[in-house]
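Structure assessment
Chain by chain, the residues:
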Amino acid sequence: MSVMSSGIPPKDRAQEGILWHIKSEGLKGGDRLMPERELAEKLGVSRTALRAAITQLISTHVLESRQGSGTYVLPPKPINIFQETYNFSDAVRRAGREPGSVLVYARLIEADGDLADRTGLAVGAPLFEMRRVRFADDEPVAIETAYVNYAICPGIEAHDFAVESLYDVLAGEYDVHVGHGEERISIARATADEASLLRVEEGSPVFFERALERQADGAPVEYLKAVILPSRYRFASNGCENGSRPKEVKSAWLTW
């Protein structure tokens, strides 16, 4: 491949060329890029532009540099598509990785004023509260705290959510299905406790997500708070209407 210039800055051409190379060669997480000189010749870019592109892709966690060894491809990050119903396990599997969870705690509580406002339930309404650290392969990705409307799933606390999927249990045991939801995402800093669970430094930048998931009839199912590592998870729009997916070929650009 020779990357056409067409007015595109050299670093950007080199970056697109590297992504093309990863895809065309079928490189996976842990695979090493060919030496810089060979890759620059293959892509038709200068080594200066190539190095700048590699630096950029390292900063966005597509590549990593191992001193004395070379530059390696990182596993794809799971991605949450805004128009699609949120499901962490599905997002991880779509990235070709294995989802996992560590249960921090699970308990029954009553909605206080804040939770009542956020869920639309009455103050004192029963909620199933659960906090989990979510993994992609052996990497911690997010801390999720879920508040589930207990009225639609009595007895759900008997399940082991260290190994079971919340949405699978809701669907299989209670015939409860999420139809649509609302999400808010902001930027925050990891607290000491969050940093310990996510294996990062205290104060590391994180996404902070709030989401309210409902059944098709509008009944609240789950209010979620999540602390998510940007280096290990992504958000995007697929350009479709809510609840729909494009054909696979149209979303291929989301791979990296």
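Residues numbered from 1 in each chain as written. Predicted model: local features only at pLDDT ≥ 70, side-chain atom pairs only at ≥ 80, totals over all residues. Heavy atoms only, no water.

What about empty space enclosed by the protein?
To find leftover empty space, a probe the size of one water molecule is rolled over the atoms. Tallied over the full model, the rule gives two cavities of 30 Å³ or more. Roughly 130 Å³ of volume is contained in the largest cavity. Among the residues forming the lining of the largest cavity, the class breakdown is five nonpolar, three polar and four charged. (1 Å grid on protein atoms, 1.4 Å probe; cavity = no way out; pocket = protein on both sides within 12 Å on 5 of 7 lines; lining within 4 Å. Points joined across faces, edges and corners; volume = space filled by probe spheres on them. Nonpolar A, V, L, I, M, F, W, Y, C, P; charged D, E, K, R; others polar.)

Focus: the packing of helix 1 (residues 10-24) against helix 2 (residues 36-43)
To characterise two packed helices, one gives the angle between the axes of the helices and the distance between these axes. Packing of helix 1 against helix 2 leaves a shortest axis separation of 10 Å and a crossing angle of 100°. As the angle between them shows, helix 1 and helix 2 are arranged roughly perpendicular. On helix 2, the residues that touch Ala14, Gly17, Ile18, Trp20 and His21 of helix 1 are Leu39, Lys42 and Leu43. Taken together, the residues of the contact of helix 1 with helix 2 sort by class into five nonpolar, two polar and one charged. (Axes fitted to C-alpha atoms, helices over the stretch in contact; angles between N-to-C directions. Helix = DSSP H or I, 4+ residues; strand = E, 2+ residues; numbered from the N terminus. Parallel < 35°, antiparallel > 145°, perpendicular 65-115°, else oblique. Contact = heavy atoms within 4.5 Å.)

Things to note about the nonpolar core
The biggest cluster of nonpolar side chains holds 29 residues, and the ones touching the most others in it are Ile156, Leu166 and Leu170. Put simply, the parts of the chain that give this core at least two residues each are helix 4 (88-94), strand 5 (126-136), strand 6 (139-149), helix 6 (166-174), strand 8 (205-214) and strand 9 (220-228). Setting aside residues no more than four positions away along its own chain, Leu170 makes contact with Val148, Cys153, Ile156, Asp175, Val176 and Val221. Membership of the second largest hydrophobic core comes to 18 residues, among which are Leu39, Leu50, Leu57 and Val62. (Core = buried A, V, L, I, M, F, W, Y, C linked by side-chain atoms within 4.5 Å. Buried < 20%, exposed > 50% of the residue type's maximum accessible area, 1.4 Å probe, protein only.)

Description of the sheet that holds strand 4 (residues 99-110)
A sheet is described by the order of its strands in space; here six strands give the open sequence 4-5-6-9-8-7, paired in antiparallel fashion. Both outer strands of the open sheet, strand 4 and strand 7 (180-189), are each paired with one neighbouring strand and no more. The sheet shows a mean angle of 15° between the axes of neighbouring strands, taken without regard to direction. Sheet analysis places strand 6 next to strand 9, joined by seven bridges and oriented antiparallel. In the sheet register, Ala142 faces strand 9, and the bridge partner there is Ile228. Each of strand 5, strand 6, strand 8 and strand 9 is contacted by helix 6, which is oriented at about 170° to strand 9, the strand it contacts most. (Pairing = 2+ DSSP bridges.)

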